[in-house]
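Next come the chains, spelled out residue by residue.
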Amino acid sequence: MKVYVEGYGCVLNTADTEIIKNSLREHGFEITENLEEADIAIINTCVVRLETENRMIYRINEIKNLGKEVVVAGCLPKALKEKVKGFLHIYPREAHRAGEILKDYIEKHCRMPYIEEDINKTLYKKLDYLTPSLISPLPICEGCIGNCSYCIVKIARGNLISYPREKIVNKAKELIDKGVKCLLITAQDTACYGFDIGDNLANLLNDLTQIEGEFIMRVGMMHAKNAELILDELIEVYKDDKVGKFLHLPLQSGDDEILRRMKRGYTVDEFKDIDFLKALKDYELLILSKLKYIFEGSNEYEMDLRNFLRFENLGRDKLDALIDYLLIILLSHTPYFNAFVRKYAEIKKSDVVKNLPNKISVWKFIKTASRSRNNDLHLERLDLKNGYVDI
């Protein structure tokens, strides 16, 4: 039986898509890249935002209307089960059991029980279904310890379950031995890795740096509050050549009141105190601090942007900082996009261009993001010579 698998979402969900495919192969299914010839289509969904949810539901129904049997996997059926009634579901913590679930469903015409307590005991077995590519995701845990008021991913992914450190290191060795050159260390929140088993991210990274071979690791998103708990250890391990100088540390909002309502657990000033940039001033470190606009109300967008501009007093003067914040706004669909970029460009235009390599490819990335995320947002020109964005 031929199965078509289509995946969406974050690096963690990308890994789950690959895990689903390999589980299906293990149970005798043939994976096809051609939807037309497939007997069954599995959609591994993302539901991080409302527009994503709507796109997932549209795509599911689109394939269903082609006469295909559709299986809905991933975060959507776990978080919003009622919205995808009538389909077989495969939840995020079951990705490695996809073949078993589908085979059982076909033979018995019913869905095998979902008992999360049992699944959690051997959740690390998902690692067995990862296969190497030049750049490979390496999940290190499932779920998180946060309770952010706006986050549907918490409902989909659940509470923190960390994989044993030795299991992760062994899998990393296997992947590197098979030619992987970049490991994407991924989780819903990498900073809380190990908090449930008496371990931490710094310990894991230290062990991973000891693996022989030429490779680099890029560590995925961290919650600032959790990163602070292991800050000194992280700073040390980030100095290793095998740890990419990339940090995804979302601020989420530039306004303390909105942060409080988000239940982020820190203020803007407290976030600024978690200062990797100064601690690693001798190392080139790209900090991606995403800003989200989710609490719509009178003047809140504008208030948040004003406070965020004050937050920018951190003093970053490279074009990469401008790139980050352009992407922040591109991805957040705020009506204040043009005004914000003009203001930011005005502040930074004297020196933003000087030290960023490969400016053209970064610009292409921004242009692609603006076109794909929101057709109403257009960056007409990036003046590399004079160092500012012209809209």
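Everything discussed here concerns the structure shown above.
Rules and cut-offs
- Residues numbered from 1 in each chain as written.
- Predicted model: local features only at pLDDT ≥ 70, side-chain atom pairs only at ≥ 80, totals over all residues.
- Heavy atoms only, no water.
- Helix = DSSP H or I, 4+ residues; strand = E, 2+ residues; numbered from the N terminus.
- Polar contact = N/O pair within 3.5 Å; in protein donor to acceptor, adjacent residues only side chain to side chain.
- Contact = heavy atoms within 4.5 Å.
- Salt bridge = Lys/Arg side-chain N within 4 Å of Asp/Glu carboxyl O.
- Core = buried A, V, L, I, M, F, W, Y, C linked by side-chain atoms within 4.5 Å.
- Buried < 20%, exposed > 50% of the residue type's maximum accessible area, 1.4 Å probe, protein only.
- Pairing = 2+ DSSP bridges.
- Axes fitted to C-alpha atoms, helices over the stretch in contact; angles between N-to-C directions.
- Right-handed = clockwise from strand over helix to strand, strands pointing away.

(A) Quick peek at the side chain of His-89. Mapped onto the elements, His-89 comes out in strand 5 (residues 88-90). Among the polar contacts made by the side chain of His-89, one reaches the main-chain carbonyl oxygen of Val-84 at a distance of 2.8 Å. When sequence neighbours within four positions are dropped, the list of residues in contact with His-89 reads Val-72, Pro-77, Lys-81, Val-84, Glu-94 and Arg-111.

(B) The pattern of salt bridges, seen in detail. Tallied over the entire structure, the rule returns 23 salt bridges. Where Glu-37 meets Lys-2, a salt bridge forms, and the shortest distance between an N and an O atom there is 3.7 Å. Linking Glu-37 in the loop between strand 2 (30-32) and strand 3 (40-45) with Lys-2 in strand 1 (residues 2-7), this pair joins segments that are 35 residues apart in sequence. Residue Glu-94 pairs with Arg-111 through a salt bridge whose shortest N-O separation is 2.4 Å. Of the two residues, Glu-94 sits in the loop between strand 5 and helix 4 (98-108) while Arg-111 sits in the loop between helix 4 and helix 5 (116-121), which places them 17 residues apart along the sequence. Among the charged side chains, a salt-bridge network with shared partners connects Asp-16, Lys-126, Glu-142 and Arg-157.

(C) A look at the environment of Leu-229. With respect to the helices and strands, Leu-229 occurs in helix 9 (residues 224-229). C-alpha of Leu-229 to C-alpha of Ala-191: the two residues are 38 residues apart in sequence and 8.8 Å apart in space.

(D) Quick peek at the environment of Ala-156. Here Ala-156 shows up in helix 6 (residues 153-157). Distance in space between the C-alpha atoms of Ala-156 and Val-47 is 8.6 Å, their sequence separation being 109 residues. Beyond its immediate stretch of four places on either side in the chain, Ala-156 contacts Cys-75, Lys-78, Ala-79 and Pro-92.

(E) Broad picture of the nonpolar core. One finds Ile-42, Leu-183, Met-222 and Leu-234 to be the most contacted residues of the largest nonpolar core, which totals 69 residues. Setting aside anything within four residues of it in sequence, one finds Met-222 in contact with Asp-189, Thr-190, Ala-191, Leu-201, Ala-227, Leu-234, Tyr-238, Leu-247, His-248, Leu-249 and Pro-250.

(F) Highlighting the sheet that holds strand 5. Strand order in the open sheet formed by 5 strands is 2-1-3-4-5, with parallel pairing between adjacent strands. Of all the strands in the sheet, just strand 2 and strand 5 have a single pairing partner and so form its edges. Each strand axis lies, on average, 30 degrees off the axis of its neighbour in the sheet, ignoring direction. When strand 3 meets strand 4 (residues 69-74), the two strands line up parallel, connected through 6 bridges. The partner of Ile-43 across the bridge, within strand 4, is Val-72.

(G) How the structure looks around the sheet that holds strand 9 (residues 182-186). Spatially, the 3 strands line up as an open sheet ordered 6-9-10, and their pairing is parallel. On the outer flanks of this sheet lie strand 6 (135-139) and strand 10 (216-219), each paired with one strand and no other. Taking each pair of neighbouring strands and ignoring which way they run, the sheet shows an average axis angle of 25 degrees. Here strand 9 runs beside strand 10; their pairing, made up of 4 bridges, is parallel. Across the sheet, the residue bridging to Cys-182 is Ile-216, located in strand 10. With respect to the sheet, helix 8 (residues 201-209) is in contact with strand 9 and strand 10, its orientation differing from that of strand 10 by roughly 165 degrees.

(H) Structural detail: the pairing of strand 10. What you see with strand 10 is a clean split: Met-217 and Val-219 sit on the buried side and Ile-216 and Arg-218 on the side with no burial. Between the parallel elements strand 9 and strand 10, the chain passes through helix 8 in a crossover that is right-handed.

(I) Geometry of the pairing of strand 3. Within strand 3, 6 of the 6 residues are buried, which leaves it mostly tucked inside the rest of the structure. Note: strand 1 against strand 3, 5 bridges, orientation parallel. Of the residues in strand 3, the one forming a bridge with Glu-6 is Ile-43. Assessed by its sense of winding, the connection that carries the chain from strand 3 through helix 2 (residues 50-64) to strand 4 is right-handed.

(J) Unusual backbone geometry, seen in detail. Of note, the phi angle at His-109 is positive, near 60 degrees, even though the residue is not glycine. By the secondary structure assignment, His-109 is in the loop between helix 4 and helix 5. Non-glycine residue Lys-263 carries a positive phi angle of around 60 degrees. By the element assignment, Lys-263 lies in the loop between helix 11 (256-262) and helix 12 (268-273).

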